[in-house]
Amino acid sequence: MAEDIKPRAVLDVSALPNVTFGTSSVTWWGIIGMMAIEGGVFALVIASYFYLHSRTNTWPPGVLPPDLLWGSLNTAIFLLSVIPNEWYRRRAHKGDLRAVQIGLVVMTLVGVANLVVRYMELRHLNCDWTQTAYGSAVWFLIGLHVVHLITDWVDTVVLTTLFFTPRIEGKRFVDAAENAAYWYFVVITWIPIYLVIYWAPRWLRS
Amino acid sequence: MSTSTVSPILPEAGDPKAQQLEAIWREPSGFIGWFKAVHHTTIGKRYMVTAFIFFLAAGILAGLMRLQLAFPEAHIMGPDLYNQIFTMHGSVMMFLFAVPMMFEALSVYFVPLMVGARNIAFPRLNAYSYYLYVMGGIMLFCFFFTNTGPDRGWFAYVPLSGPDYGPGKRADVWAQLITFTEVSALAVAVEVVVTVFKLRAPGMSLNRIPLFVWGQVVTAFMVIFAMPGVVVASTMLLLDRTTSTQFFNPAVGGDVLLYQHLFWWFGHPEVYIIFIPGTVIVSSIITTFSRRHIFGYLAIVLSVIATGFIAFGLWVHHMFATGIPQMSESFFTAASMMIAIPTGTQIFCWVATIVTGKVVLKTPMWWVLGFFFVFIIGGMTGIFVAAVPVDLQVHDTYFVVAHFHYVLIGGAVFPLFGAFMYWFPKITGRMLSEKLGMWSFWLFLIGFNITFFPMHIAGLRGMPRRVYTYGPGMGLTLLNQIESCGYILLFISVFMFLINVWMSLRNGERAPANPWGGGTLEWATSSPPPSYNFLYLPTVNGREALWDAAPNQPVVVGLHEDARTFLTTRIIDAEPEGTDEFPAPTIWPFLAAVATTVMFIGSIFRPVAVSIGAIPIAITLIAWFWPTRQEAARRRERDKWQKT
Amino acid sequence: MGAISQLAMLLFAPGFHGKQTALSPAGPQARTIEHTFLLIFWITAVVYVIVIAVLAIGVWRARIHGNELPPPQPANPVHDRIVARIVAGALGVSIVLLFIMLVSSYRTSHATSALAASSALTINVYGHQWWWEVEYPNKEPYKIVHTANEIHVPAGVPVTIHATSRDVIHSFWAPNIHGKKDLLPGYFNDLTLEVDQPGNWRGQCAEFCGEQHAHMSFEIVAQSPQDFQRWLSAQALSAPGPTTPQIAHGQQVFLSHPCVMCHTIGGTTANSRVGPDLTHLASRSTIAAGTLPNTIGNLAGWISNPQSIKPGCRMPPNPMSSTDLNDLLAYLETLR
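Residues numbered from 1 in each chain as written. Chains lettered and ligands numbered in written order. Predicted model: local features only at pLDDT ≥ 70, side-chain atom pairs only at ≥ 80, totals over all residues.

*Asks:* Looking at this model, I keep getting lost on the overall build of chain C. Mind explaining?
*Replies:* A count of helices and strands for chain C gives seven helices and 12 strands. Here the C-alpha radius of gyration of chain C, 28 Å, is well above what a compact globule of 336 residues would show, namely 20 Å. Expressed as lengths along the three principal axes of its C-alpha atoms, the size of chain C is roughly 95 × 50 × 35 Å. Burial statistics for chain C: of 336 residues in total, 38% are counted as buried. (Helix = DSSP H or I, 4+ residues; strand = E, 2+ residues; numbered from the N terminus. Rg over C-alpha atoms; globule rule 2.2 N^0.38 Å. Buried ≥ 20, exposed ≤ 12 C-beta atoms within 10 Å, placed from the backbone.)

*Asks:* What is the right way to look at the environment of Val388(B) in this model?
*Replies:* Position of Val388(B) relative to the elements: it lies in helix H13 (residues 388–394). For Val388(B), a count of 28 C-beta atoms within 10 Å gives the class buried. On a C-alpha basis, the gap between Val388(B) and Gln326(B) in space is 9.9 Å, while along the polypeptide they are 62 residues apart. Not counting residues up to four positions away in its chain, the partners in contact with Val388(B) are Phe320(B), Glu329(B), Thr333(B), Ser105(C) and Ser109(C). (Contact = placed C-beta atoms within 7 Å.)

*Asks:* For this particular structure, what's the right way to read the nonpolar core?
*Replies:* It is characteristic of soluble globular proteins that their nonpolar side chains tend to be buried jointly. Counting 354 residues, the largest nonpolar core has Phe97(B), Leu186(B), Ala189(B), Val223(B) and Tyr259(B) as the members making the most contacts within it. Here this core gathers at least three residues from each of two domains, domain 1 (2–10 + 18–61 + 77–115) and domain 2 (245–333) of chain C. Dropping the residues within four chain positions of it, Leu186(B) is found in contact with Ile37(A), Val223(B), Ile224(B) and Met227(B). (Core = buried A, V, L, I, M, F, W, Y, C linked by C-beta atoms within 7 Å. Domains from an automatic or database assignment.)

*Asks:* Looking at this structure, I do not really get the sheet that holds strand S10 (residues 217–223) of chain C. What am I missing?
*Replies:* Through backbone hydrogen bonds, the strands of a sheet pair up, either in parallel or in antiparallel fashion. Residues and elements named next belong to chain C. Strand order in the open sheet formed by three strands is S4-S10-S9, and the pairing between neighbours is mixed. Both outer strands of the open sheet, strand S4 (150–154) and strand S9 (199–204), are each paired with one neighbouring strand and no more. In this sheet, adjacent strand axes meet at a mean angle of 25 degrees when their direction is disregarded. As defined by bridge partners, S9 adjoins S10 across six bridges and the pair is classed as antiparallel. What sits directly across from Gly203, in S10, is Phe218. In the packing of helix H4 (residues 225–236) onto the sheet, contacts are made with S4 and S10, and the angle to S4 comes to roughly 135 degrees. (Pairing = 2+ DSSP bridges. Axes fitted to C-alpha atoms, helices over the stretch in contact; angles between N-to-C directions.)

*Asks:* How do you make sense of the arrangement of the chains when you look at a structure like this?
*Replies:* Looking at the two pairs of chains with contacts, the pair that accumulates the most is chains B and C. The two partners chain A and chain C share no contact, and the minimum distance between any of their C-alpha atoms is 10 Å.

*Asks:* It is not clear to me how the interface of chain B and chain C should be interpreted in this structure. Could you clarify?
*Replies:* Where interface size is given, it is often the accessible area lost as the parts come together that is meant. Contact residues are listed per partner, giving 82 residues for chain B and 77 residues for chain C. Mapped onto the side of chain B that touches chain C, the elements with two or more residues apiece are helix H4 (79–115), helix H8 (256–290), helix H10 (326–338), helix H11 (340–355), helix H12 (363–386), H13 and helix H15 (434–460) of chain B. Per-element tally for the side of chain B that touches chain C: the top contributor is H11(B), with 11 residues. Broken down by class, the residue content of the side of chain B that touches chain C amounts to 47 nonpolar, 26 polar and nine charged. (Nonpolar A, V, L, I, M, F, W, Y, C, P; charged D, E, K, R; others polar.)

*Asks:* Would you take a moment to explain the sheet that holds strand S1 (residues 121–128) of chain C for this structure?
*Replies:* All names here are of chain C. Strands sit in the order S3-S2-S1-S5-S8 across an open sheet of five strands; the sheet is mixed. Both outer strands of the open sheet, strand S3 (145–148) and strand S8 (189–193), are each paired with one neighbouring strand and no more. If you compare each strand with its neighbour and ignore which way they point, the axes differ by 25 degrees on average.

*Asks:* Please explain the interface of chain B and chain A as it appears in this structure.
*Replies:* Listed by partner, the interface residues are 58 residues for chain B and 50 residues for chain A. Residue assignment for the side of chain B that touches chain A shows that the elements contributing at least two residues are helix H6 (170–198), helix H7 (211–243), H8, strand S1 (555–557), strand S2 (565–569), strand S3 (576–581), helix H18 (609–625) and helix H19 (629–638) of chain B. Note that strand S1 (residues 10–12) of chain A and S1(B) share three bridges and pair parallel. In the sheet register, Val10(A) faces S1(B), and the bridge partner there is Val555(B).

*Asks:* Explain the domain arrangement of chain C to me, please; I cannot follow it from the model alone.
*Replies:* When its domains are assigned, chain C resolves into domain 1 (2–10 + 18–61 + 77–115) and domain 2 (245–333). Inter-centroid distance (C-alpha atoms) of domain 1 of chain C to domain 2 of chain C is 51 Å.

*Asks:* Teacher, can you tell me more about the pairing of S1(C) here?
*Replies:* Remark: a regular strand shows side chains that alternate across the two faces of the sheet. Residues and elements named next belong to chain C. Here S1 pairs with strand S5 (residues 159–165) via seven bridges, running parallel. Across the sheet, the residue bridging to Val125 is Ala163, located in S5. Note that S1 and strand S2 (residues 131–136) share five bridges and pair antiparallel. Paired with Val125 across the two strands is Val134, which belongs to S2. Between S1 and the antiparallel strand that follows it, S2, lie two residues.

*Asks:* Quick question: what am I supposed to make of helix H9 (residues 297–310) of chain B here?
*Replies:* Since the α-helix packs 3.6 residues into each turn, any two residues three or four apart lie on the same face. All names here are of chain B. Here H9 contains 14 residues, and its C-alpha end-to-end distance of 20 Å stays within 8% of the 20 Å for a straight helix at 1.5 Å per residue. What H9 keeps buried is the set Tyr297, Ile300, Ser303, Val304, Thr307, Gly308 and Ile310. On the buried face of H9, the contacting elements are H7, H8, H10 and H11. (Expected span 1.5 Å × (residues − 1).)

*Asks:* Hey, could you run me through unusual backbone geometry in this one?
*Replies:* Following Ser527(B), the chain continues to Pro528(B) via a peptide bond in cis, the omega torsion being -5 degrees. Turning to its location among the elements, Pro528(B) is positioned in the loop between helix H16 (477–507) and S1. Unusually for a residue other than glycine, Ala289(C) sits at a positive phi of about 55 degrees. Summarising the element assignment, Ala289(C) is placed in the loop between strand S11 (286–287) and strand S12 (292–293). Overall, Ala289(C) belongs to the buried group, with 24 C-beta atoms counted inside 10 Å.

Okay, here's the thing in C-alpha cells:
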C-alpha cells in the first residue's frame, strides 16, 4: 500500500556548499586512500630491506654505500619545495586563480629539478640490482619513489595546463589543493627512504 | 520502535520527478553504451555474473582434480597438467571469485543502496576496476588454454616459482593476475570507504549503519592494508624472473622466507576479507528472517573490527614448519586462537537473535543454518592448526585442505547462496523458486560434507596436499573415491541453482519492493531499483531504516535534479555537509583498462613494456579526467563555496 | 544428523594403524602431539554439538507456522538482558577452553623440542627434486656414509635431522614419529626425533616441490643400537668387486652408460653427487624415493624408462639391450 507523497516532512539541503575542501571533499578521501595504499607498499619494502639486512653479515655486501651528494641535494630541494607548495595550496582554498597558476608552474619546474637530480642519484647508487639482494632492495625502493615522482609530475603538468584554459571552476581548485597535498606525500615518503638508502648502510656497517 | 515495516516510496506511472531523474541517471544504451556505464548497480551486476562464471570454471577444474584422484596412480592426466589445474583452481577461486564476489560485487551493488545514496563514490574508477578485473581473468584463461597456466600453487612459493625452477612464462602470468585483481580490489576498497564515510543518508549515524555496511567497510580497510603485501611479493617475483634482481637468491643475500612473509602478510587477512562479508550477510539474513533487531549490534560491530585488526597478527601461522623461533611460534599460536573470540561472539549473538525471534524458514535462512553447521566445523579445525605441534602434523596435508574448504565454503559460499536467494528479487525483480532452492541447498550441504569431511581423515592418514596421485597401498583409495562421489552432488546442486535462475529470469513471479519485509534501505525502492536508486533520498531514524522509521520520516529535497547531484554528510552523525556531482558516463575508463591490460601483459614478455605502456595509460587517464565545456560552465554558475 | 555420521566415520574408519599416519605414534613426540590433538578434538567436538543443538532446538521452537510474514518484533530489554548474561557466560566458557587448549599446545611444543638437548646423533638430509640425500657425518672422511631415501636410526635414542634443500623448498614429514620441518635453501633446520622400537615407517615430502612432489617419499628404519651400528659400518664400505663375468660385464655397462654422470658407486670411478648414491642400492627396500619396492622387475623398468614411472624426474631413459640390462641388474644386486 503506497503512502501519500504529499504532504511529507522534508530536509532541505539547498543551502549547502558544493565546493568543499579537506575532509568534506570526496577527492580528499580518495587521495588519502591512495596514500594509505602506497604508504603500505613503501613500508613493506623498507621492512624487506631490513629483513634482508638481518640475514647477512656485511652490509652493504661488497660495495660502497650510495654517494651522499645527490640524494642529499634532492632532499634539500624537496624540503624547500614545501614553501611554494603550501602557498599555492592555501590560495587554492580561496579560489585565487592567478596564485594557483603561478604555484603550479613553480611546482612543475621544481619537479623537473627533482627528476634531473634523481637521475644523478641513480647513477651514483654504487650497487647493481643483478648482483646482490641488497642492490635489488635499494633499486626497488628508489624505483618506487621514482614512479611516484614521475606520475605526480605528469599530474601537475596536466593540472597546470588545465588552469590556463577556461574550464576552471570551484571543483578544480579542490583538485589543485589535493595535488599540493599529494606532493606532501611524495616529500614525506622520501624522508624515510632517503634515510634507509643513504644512511642505513652507514649506520649499520659493522 | 515501530512494529511495522514502512512502505517504500515508489513513483506512480508518469510521475514527472521520476521521469526527470530517469533521463539524467539512465545508463547509455547500445553496444558502445555498454562500455560507458558508470552506475553501481550496473557494474555490481557485472561483477556478480563474472565472478560466478569464474566460480563455475574453478569448480569444473576441481571436478577434474577429483577425477584424477579417484584412482591411485591414475593416468587421467600427468603431473604437469594436474599442477596447472590445481593452481588454476586455487588462484581462480581466491583471486577471481572469492574476493571479487564477496567484497567487490556485493559492496558495489549494495553499499550505496543501503546507505541511501544514488551511486558509489568515484563511479568511473568503479567501471575501470571492473574492466581490469575481467580482462585479467580472461588473460589468465587464455594462457591456461595455451599450456601456459600457472602451475606453482596459488601462493607460488619461491624458489619453485622463481627464475631457476619455474621455466617459461607460467609464474609471470600468475604474478600479473595478482596485479590485475589487486588494483581492481584496491580501487573498490577506496570507493567503499568513501561511500560509507561521506555518502550516508542524513540520520544514519555510526550506530545506525547496517551491519552489512560495517562489514564491507572493515573489509575495505583490510584490503587497503593487506594487498600491498602481495603487490610487493609478486612484483619482487616478477623482477627476479624478468630483470635478474636477487631478492630470493640465498647465494647473494636473498631469502626465500622473505617471499613467504610478504605473501602471508596479505594471505591471512585475505581469508578474512572473504569471510567478513560472509558474516555480515549472515547478520542481515538472520535479522530479516528472525523478525527482530539483531541481538548485540555493538558487540558484533566491535567483533568485526577486532577480527579485522587481529587478522593482521596471524600470518606466521602459515609458516610454522619453516623453523621460526619458539617465541614466534608461541605468539602466533596465541593470536590465532584469540581470533576465535570475536568470531565466537558473533556466533553467540546470532544464535541469541534466532532463538528469541520468530523464525521464517525460507531458503535464505536455510543457507544460513547450513553456514552454522559447516563453518563452525572449519572454525574448530582452525584451533587444531593454530596449535603448533598439531599443525606440524597436519600442515600441507589434506587435513588443512578440509579445514580451509570448511571455513571458505562454509563461511563464504553458504552465506553467498543465502545472499543470492535473499537479494535476487531485488536485483532482478523476480522471485526464485523455493522448491528448487531447497533441493539445491540440501544437495549442496550433503554433497559438501561427503566431499570434504573425509579429507580430514586422509590428511591424518598421511596424504599430503598438491599431489597428483597416491600409492595404492596407502589406505587412501576409499576416502578419495567417497570425496569424488560427493563432487557429483555439488555439481548437480549448482546446476539446479542455475536452472532456478534461468527459469526465474524467463518467467518467474514478479518481486515486490520488499518481499521479505526487510528493514534496510535497499528494500525502500522498487525491485529492481531504478537508475536513480531512490525517488527521494531517504533519511534514517534507527538501525533498521524501514522498521524504525518515524511515522512521517523526512526525505531530502533541495538538490539540483538536472544533474547527477549527490549529498555528502559528516562521518560520525551523518549531518548533511555539502553537495557534489557524480561524473557522467564515458568510454575512458574502458579504454584506460585496455591500455593498462596491454601494459601488464606486455611486461610479462619485456620489462620495457612498462615504460612504453605507461604512455597510452597516461593519455586515457588524462582524457578521463579532462572536464567538458558544458560541465565546467554549469558548475561555475552554481558554485557555492564552503565557508572557511 | 550429519554431525553424528561424521563422528562415526572418524571413530569407526578402518584403523589409523598405517606406516604414515599421525594417529599411530611410534615415538614420544608423535605421542605427545596426539594427546594435544585428542584434547582439542574432544573439546571442540563437544562445544560444536552443544552449539548446534541449541541452534536446532531454538529454530524448531521459534519457527513460524504458515506463510504470513510476522511484523518485526519490538525490543524486549528484559529478555535481552537475560540473553546477554547467557551470551557472556558462553563467551567466558569459550575463553577458558581456548586457554586450556593453548596451554596444552605450549606444553607439547616444549616437550617435543626439549628432546634436542639429549640428541645422540646428527644425520644430514639434503632435499632434491625429487629424492632425499642422506649423509651420516663423521670426523673421519672415509667413514662418512652417503645414502638416499632411507634413513636408519637407533631405536630409543634421540636423533637430530639437520636439513637443508639443494633446490626448492621441501618438507620432511614422518607422521608416526614427529611433525614436519621444511627444507629451505639458504637455511639449515634441525628436527630431533626418537623412535621407540625397531620397525619401519614412511615419510613423504610435504611441501609442493614441482612435478614429482607426489613421488618423493622416504623410509625411516629404526633398529636396535647394535643393528644400527652394524648397518652404519657396512654402509661405510665400498662396493665389492665383481665376482663373476656377468657381474663384471654389468659393472662395465654401468660405467659406460650415462649413469656415471649422476651416480656414485664407492670403489669405482663413478662419483657424481647429482643423483642418489648407489653404493648400497640393493640394501634399500624401495627405489625412486619410495615409489616402488626394490625388486628386479621394478628396477629394470625404472632404469629403462624412469619417465614412465615419474614423468618429469631428472633421470633420462636408458634404452639398452636385454643382455646389458640383465647383466647390469646382476651387478646392482651385489651392491648390498
